[in-house]
Each structure stands twice: as C-alpha cells, then as structure tokens.
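# Reading the structure
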Amino acid sequence: MKRRDFLKFALSSVVLGSLPARAFAKDPSIVALSEGTDYAAITRNVVAALGGFQKFVKPGDVVVIKPNIGWDRKPEFAACTHPVVVKTIAEECVKAGAKKVKVFDNTCNDPRRCYENSGIQTALKGLKNVEMKHVESERYKMTKLNGIFLKEWELYDEALSANVFINVPVAKHHNLTKLTLGLKNMMGIMGGNRGYLHRGMDDALSDVSSVVKSHLVIIDATRILLNHGPQGGSLKDVKVLNKIIASTDIVAADAYGTTFFNLSPQDISTTLTAYKRGLGEMNLNKIKIIKA
C-alpha cells in the first residue's frame, strides 16, 4: 500500500472508530407514546403501535417481564411499576402464545413486602401461565460481559434463558443517577455486591445491556416520582402524567423519558454513555415518535 493510500485508510479508520455504531443504522429508532387514564388500554395501545405483542412473543416462548418492584411502596407513590401495567403486559404475552411468563425483581427492601405492597403480586394472582417468584440466590450465574467496567458479573439465569425479555421500569428520580429508567432497571437482574457498581455505574449498566438485550422496553409514566427517588414516600413528590412509552431501543426510550422531567438525554450520564457505546439513539430529532 502506498503511503498516501495508507494515510487515507488510517484516517478513515479513526473517524469511523469514533462514531457510535448507531450512526450506521438504516432505520430510525421508534418510540411509541400512549396517553390516557385507562392504564390497561394505553399499555395495549403503545405496544400495538410497534406492531403488537405478537410481533415480539411467539407461541411457546418463555417471557420474562422485569418491572421495578424494588421498594416497599404502594402504587400511588410511583416507586414501583404500576400493577395494572404489569398485569396487562402479562395477559397480552399469554394471549400471544407465551408458554410461561415470569415476573421478578431483585428488590432493595424486604421482597415479601415489596411484592405485596406494590400491588403487583395481587394483580397477577390467578393468571394462567404467569408466575411471580422471589429471586433465589443460587440461580445467579457468573456471566462473561467483557465490558469496560465489568468483565463478568452474576446475572439471574431466568433472564438469560428467556426467549423474550421485557423491561418495564417506572420513570422516576434517582439521587445518584438523576433518573432511573430502562438502563437502570437492569440492575434488578444483577446479583452480587451491587453497591460496587456505583464506582462505575454508567459503564456497568452499558456492560450489562450489551449482553442482555431488552427486546421491548415499556416505561411506565402513568405517575412519576420527581424527587427523593428512588424510594420516595411522599405524594408531594409524585406527578400524574397518565403516559406510557415503548421502544425496542433502550437508549431511545430512556432519552424520551428524560423529557417527562424537563431534562435532556445528555443530562443523564447513563443514557449518554450507552449512546456513545452504540447501544441506541439518544438524539430526539433522530427518533421517530409515534402517538398511539
């Protein structure tokens, strides 16, 4: 190779290497938005705008729904995903042909109280082919991530083995990361010493989402927690929005979710890091918004 050609090649490699992988995608990321006071209806509508549950769930699939059930709070406090949203997703997955739907979270407060007071356990009770189980420590599997911050970590085996993984956070304030949305909700499949993750939270979350794909992200913004998150505890901190968004792009979903708090995607370091690492689109003017 001549020196001039070599320099051209080297320069193009540097430029290409500095761009997020998303820059080469052909189709824009899509975020669907549904609004209303009938939370079951807007949950169905927002996924219908992306093609419906049948697009994501095939007959015989095992589906994991990962809501936020981390806190011992009743639904109105916006610390956990709304039970009607979770129930509707579970019902629709079964209708689409799922063999089994599993719902769980690695809670921060006492798991029995979280499952009960979130209202999710009661909402799912009696649904055929739907199980809500407490996580079992022996089911965490050391998993190679080969990431920037995490080379390996304990991840819950049922999340790893599911045919479909549906990530269902509630949109809320977080005292360390400003907001917790889809990327942060992935901590609920992580075991081990999760306090260690705060040393490199942004890259740690991207490391996990680089390996565990959220096939569908549904963000519950029926009511959001504006302050004192992630646990909350005062209704003064809660704002009712009656909105739900959905996307197959976890970064795009999180990026749009920032607008509920009058923030920008670049204000949230977890979103910014995931974008820079090519996990999705955060530029709102490049995301196609569909109102369901």
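Residues numbered from 1 in each chain as written. Predicted model: local features only at pLDDT ≥ 70, side-chain atom pairs only at ≥ 80, totals over all residues. Heavy atoms only, no water.

### Overview of empty space enclosed by the protein
The condition that has to hold: Every definition here rests on a 1 Å grid over the protein atoms only: cavities are sets of points where a 1.4 Å probe fits but cannot get out, pockets are open sets enclosed by protein on both sides within 12 Å along at least five of seven lines, and lining residues have some atom within 4 Å of a point. Grid points are joined across faces, edges and corners, and a volume is the space filled by probe spheres set on the points. We count a stretch as a helix when DSSP gives it H or I for four or more residues in a row; a strand needs E for two or more, and each element gets its number in order from the N terminus. By the convention adopted, Pro, Cys, Tyr, Trp, Phe, Met, Ile, Leu, Val and Ala count as nonpolar, Lys, Arg, Asp and Glu as charged, and the other residues, Gly among them, as polar.
Applying the stated criterion to the full structure yields one cavity of 30 Å³ or more. Its volume calculated, the largest cavity comes out at about 30 Å³. Taken together, Leu179, Leu181, Gly182, Leu183, Lys184, Asp254, Ile268 and Thr270 make up the full set of residues lining the largest cavity. Of the residues forming the lining of the largest cavity, the biggest block, three residues, is contributed by helix 8 (residues 182–185). For the lining of the largest cavity, the per-class residue count stands at four nonpolar, two polar and two charged.

### With respect to the pairing of strand 3 (residues 100–103)
Going by this rule: In this description, strands pair whenever DSSP reports at least two bridges between them. Clockwise travel from the first strand over the helix to the second, with the strands pointing away from the viewer, marks a crossover as right-handed.
Two strands pair when backbone bridges link them, and strand 2 (residues 62–67) and strand 3 are joined in this way by four bridges, in the parallel orientation. Residue pairing in the sheet places Val64 in a bridge with Lys102 of strand 3. Of the crossover connections in this fold, the one passing from strand 2 over helix 4 (residues 83–95) to the parallel strand 3 is right-handed. Taken together, the three bridges between strand 3 and strand 4 (residues 130–132) define a ladder with parallel strand orientation.

### So, the pairing of strand 10 (residues 216–225)
Test applied: Categorising residues by exposure relies on relative accessible area from a 1.4 Å probe, with only protein chains included: less than 20% of the type maximum marks a residue as buried, more than 50% marks it as exposed, and the intermediate range marks it as partly exposed.
Judged by how many residues are buried, strand 10 sits mostly within the fold: ten of ten residues are covered. Here two bridges tie strand 7 (residues 164–168) to strand 10, and the two strands are oriented parallel to one another. Residue pairing across strands places Ile166 opposite Leu216, the latter belonging to strand 10. Sheet analysis places strand 8 (residues 170–174) next to strand 10, joined by two bridges and oriented parallel. Considered in strand 10, the bridge of Val170 is made with Asp220.

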